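# Reading the structure
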Amino acid sequence: MAHFTVIGLGRFGVAASLELVHLGHTVTGVDHNSKIIERYVEELTQAVICDATDESALRELALDKSEAVLIAIGEDMQASLLCTLALKNLGVKEIWVKASTRAHHTIVSKLGVQRIIHPEEEMGARVAQALNYPMVNNYLSIGHGLYVVEVHIRKSLNNSPLEQVVADARGSVQVVLVKREQEVFNQVGHDFVLQANDIVLLCGTRAELKYLAPRLL
Ligand code: ATP
């Protein structure tokens with residue numbers, strides 16, 4: 001369990017905060033709007049009214065106790081930048097910022113922010129992936145054009161040998177592991193037999209994984 005601080009309780013900040021709480025962490029939510037703070041005072045570990053551009057007010061939040069601070073102010077770029085600068089001055093090591101524009105991204109990255117999030121673009125790309133490969137539940141880009149995808153095996157593939165499913169793409173597509181209820185198989189040979197509802201993690205290029213897609217439907 002870790003402690004996080006989320007600054008700006010708009011839709012994005014609230015979603016991130018509530019999910020962190022759901023995952024078992026403690027969260028301080030910060031907003032300058034007292035009505036918003038009243039709304040989340042019960043659901044978050046702590047909810048604080050504070051102008052995030054005011055460095056001395058931020059100092060009172062004991063941010064060094066947070067594993068990371070997420071700045072989730074999108075619309076008011078000036079406030080987001082001033083807040084980033086204040087956190088840097090206060091020595092906060094792990095700062096994540098939601099950026100609304102390219103200019104916002106550029107300035108924040110010049111300030112040395114570790115992680116800059118573009119929710120609309122990132123979500124748009126995810127939705128496109130899901131539309132393109134409806135059998136893929138989750139994917140992770142691991143660089144150099146490689147992806148790890150999570151595939152849920154359909155009923156129609158029950159009792160199919162893994163080899164039949166990954167077929168000639170097998171040379172390049174790697175089967176990372178197969179999860180079956182509580183069990184994890186991380187060394188699966190050609191003769192491994194799939195069951196419906198198995199979750200298979202595959203690693204390969206977009207083209208290789210796309211080639212496999214019709215076999216997984
Ligand atoms: P959403 O996540 O809903 O898309 P958004 O990107 O439009 O939000 P804003 O609405 O600008 O972002 O800001 C999110 C939250 O940040 C709001 O609840 C707002 O009250 C809060 N906020 C804005 N400026 C400050 C500030 N200077 N200090 C603290 N909180 C602020």
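To be clear, the structure that these remarks concern was listed above.
Residues numbered from 1 in each chain as written. Predicted model: local features only at pLDDT ≥ 70, side-chain atom pairs only at ≥ 80, totals over all residues. Heavy atoms only, no water.

Below, the discussion takes up the nonpolar core. Counting residues in each nonpolar core, the largest one holds 23 residues, and the members touching the most others are I7, L58 and L87. Those elements that provide at least two residues to this core are strand 4 (68–71), helix 4 (77–89) and strand 5 (95–98). When residues in this core are grouped by element, the largest group, five residues, is from helix 4. Contacts of L58, omitting those with residues within four sequence positions, involve I7, C50, A52, L63, C83, A86, L87 and L90. Within the second largest apolar cluster, 22 residues are counted, among which are I153, L162, V175 and V178. (Core = buried A, V, L, I, M, F, W, Y, C linked by side-chain atoms within 4.5 Å. Buried < 20%, exposed > 50% of the residue type's maximum accessible area, 1.4 Å probe, protein only. Helix = DSSP H or I, 4+ residues; strand = E, 2+ residues; numbered from the N terminus. Contact = heavy atoms within 4.5 Å.)

Looking now at the side chain of H104. Mapped onto the fold, H104 is located in helix 5 (residues 102–110). Within polar-contact distance, the side chain of H104 engages the backbone nitrogen of S100 at 3.1 Å. Beyond its immediate chain neighbours, meaning those up to four positions away, H104 contacts I73, G74, M77, S80, L81, V97, K98 and A99. (Polar contact = N/O pair within 3.5 Å; in protein donor to acceptor, adjacent residues only side chain to side chain.)

Glancing now at the pattern of salt bridges. Under the counting rule described, the total for this entry stands at three salt bridges. With a shortest N-O distance of 3.7 Å, R59 and E55 are connected by a salt bridge. Taken together, the residues R59 and E55, both in helix 3 (residues 55–59) and four residues apart, mark about one turn of the helix. On the basis of relative accessibility, which here comes to 26%, the residue E55 falls in the partly exposed class. (Salt bridge = Lys/Arg side-chain N within 4 Å of Asp/Glu carboxyl O.)

What the rule picks out here adds up to zero disulfides. C50 carries a free sulfur, and the closest cysteine sulfur to it, the one in C83, is 8.2 Å from it. (Disulfide = S-S within 2.5 Å.)

With respect to spatial proximity, 19 residues lie near the ligand, and among them R11, F12, D31, A52 and K98 are the closest. E75 places a polar main-chain atom, nitrogen or oxygen, 3.2 Å from an oxygen atom of the ligand. Side-chain polar atom of K98 to an oxygen atom of the ligand: 2.6 Å apart, as the coordinates give it. (Near = heavy atom within 4 Å.)

Most of strand 11 (residues 199–205) is tucked away: five of the seven residues are buried. With seven bridges connecting them, strand 8 (residues 146–152) and strand 11 associate as antiparallel partners. Along strand 11, the bridge assignment pairs V148 with C203. As paired strands, strand 9 (residues 174–180) and strand 11 are joined by five bridges and run antiparallel to one another. Each bridged residue has a counterpart across the sheet, and for V175 the counterpart in strand 11 is L202. (Pairing = 2+ DSSP bridges.)

Spatial ordering of the open sheet is given by 3-2-1-4-5-6, a layout of six strands whose pairing is parallel. On the outer flanks of this sheet lie strand 3 (46–49) and strand 6 (115–117), each paired with one strand and no other. Strand-to-strand twist across the sheet, computed as the mean angle between neighbouring axes with direction ignored, equals 15°. Both strand 1 (residues 3–7) and strand 2 (residues 26–31) contribute to a ladder of five bridges, which runs parallel. Looking at the pairing, H3 lines up with T26 of strand 2. (Axes fitted to C-alpha atoms, helices over the stretch in contact; angles between N-to-C directions.)

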